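Chain and residue survey
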Amino acid sequence: MDEILRRIEQTYGSLSDPKFFFVRRALEERPYDALVESIAKNFKVTEDTDENDDLAFNYLVSSDNRTWAMSISMVGPYALLARVGQAWDEILTPSTDDLSDHERWLLSRLTDSGLRPLGREELETPVALKLTGPDDVRVYHALFTDTDGLPWDKETLRRLGLID
């Protein structure tokens, strides 16, 4: 976890007065396009990156009536893969017990590309980073999006009326 926190501080320049120059650079360079194109040979891939809020390249990946959220951070070599139902049903890592063949393949592509898929515990770790969106900043927010909430927090999503 120390390595992730160091990378966050290094990339933003400051936790109390963060700079976001890295986002524009990443959007211009698009360093993971070859990886995404290789995934798109076996899956339907739809980019869902919001240049105003996201700190990662975000995709919906689908095959055989199953959908996954896949994010690749602009902050460092980190990724996440989640099963999608009404919300993000489960965050997946190579050590997840019940991975399907599709999920193993996707995680293998991410790790073979030098990315580290993060688990829920790592993603929920608090970070003292001042972002414009969330007040309670977690590693997830620092690496992937400057929006409030966690997409797997079903209790909050239900309370807000975003899922049944």
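Anything mentioned here points back to the structure above.
Residues numbered from 1 in each chain as written. Predicted model: local features only at pLDDT ≥ 70, side-chain atom pairs only at ≥ 80, totals over all residues. Heavy atoms only, no water.

What follows covers the pairing of strand S3 (residues 66–73). The element S3 is extensively covered by neighbouring structure, given that six of its eight residues are classed as buried. Where strand S2 (residues 56–63) lies against S3, eight bridges are found, and the strand directions are antiparallel. Note that in S3 the partner of Leu60 across the bridge is Ala69. Linking two consecutive strands that pair antiparallel, namely S2 and S3, is a turn of two residues; a positive phi of about 50° is found at Asp64 within it. Examined bridge by bridge, S3 and strand S4 (residues 78–84) share six bridges and lie antiparallel to one another. Note on S4: the bridge partner recorded for Ile72 is Ala79. Hairpin geometry of S3 and S4 is characterised by an intervening segment of four residues between the two adjacent antiparallel strands. (Buried < 20%, exposed > 50% of the residue type's maximum accessible area, 1.4 Å probe, protein only. Helix = DSSP H or I, 4+ residues; strand = E, 2+ residues; numbered from the N terminus. Pairing = 2+ DSSP bridges.)

Grouped together as the largest cluster of nonpolar side chains are 49 residues, with contacts concentrated most on Ile8, Met70, Ile72, Leu143 and Phe144. A total of five residues in this core trace back to one element, the largest contributor, which is S4. The residues touching Phe144, leaving out its near neighbours within four places in the chain, are Asp54, Leu55, Ala56, Asn58, Ser71, Ile72, Ser73, Tyr78, Ala79, Leu80, Leu118 and Leu123. (Core = buried A, V, L, I, M, F, W, Y, C linked by side-chain atoms within 4.5 Å. Contact = heavy atoms within 4.5 Å.)

Mapped onto the secondary structure, Pro18 falls in the loop between helix H1 (2–12) and helix H2 (21–29). With relative accessibility at 12%, the residue Pro18 sits in the buried group. Sequence-wise, Pro18 and Ile8 are 10 residues apart; in three dimensions their C-alpha atoms are separated by 9.7 Å. In contact with Pro18, not counting residues within four places along its chain, are Tyr12, Leu129 and Lys130.

Positive phi is not limited to glycine here, since Asp64 has a value of about 50°. Note that Asp64 resides in the loop between S2 and S3. By relative accessible area, which is 58% here, Asp64 ends up exposed. Positive phi, close to 60°, is recorded for Asn65, a residue that is not glycine. You can see Asn65 is positioned in the loop between S2 and S3.

What follows deals with the packing of aromatic side chains. The relative placement of two aromatic rings is captured by the distance of their centres and the angle of their planes. Counting across every chain of the model gives eight aromatic pairs. Cluster of aromatic residues (ring-pair linked, three or more members): Tyr12, Phe20 and Phe22. (Phe/Tyr/Trp six-rings, centres within 6.5 Å; stacked < 30°, edge-to-face > 60°.)

Let us now look at the pattern of salt bridges. All told, the structure shown has 13 salt bridges when counted by the stated rule. Of the charged contacts, one joins Arg30 and Glu47 as a salt bridge, the two residues approaching to 2.7 Å between their closest N and O atoms. Of the two residues, Arg30 is situated in the loop between H2 and helix H3 (33–40) and Glu47 in strand S1 (residues 44–47); the sequence distance between them amounts to 17 residues. Here Arg66 and Glu103 are joined by a salt bridge, their closest N and O atoms 3.1 Å apart. Of this pair, Arg66 sits in strand S3 while Glu103 sits in helix H4 (residues 101–112), and the two are 37 residues apart along the sequence. Each of Arg66, Arg83, Glu90, Asp98 and Glu103 takes part in salt bridges that share partners, so that together they form one network. (Salt bridge = Lys/Arg side-chain N within 4 Å of Asp/Glu carboxyl O.)

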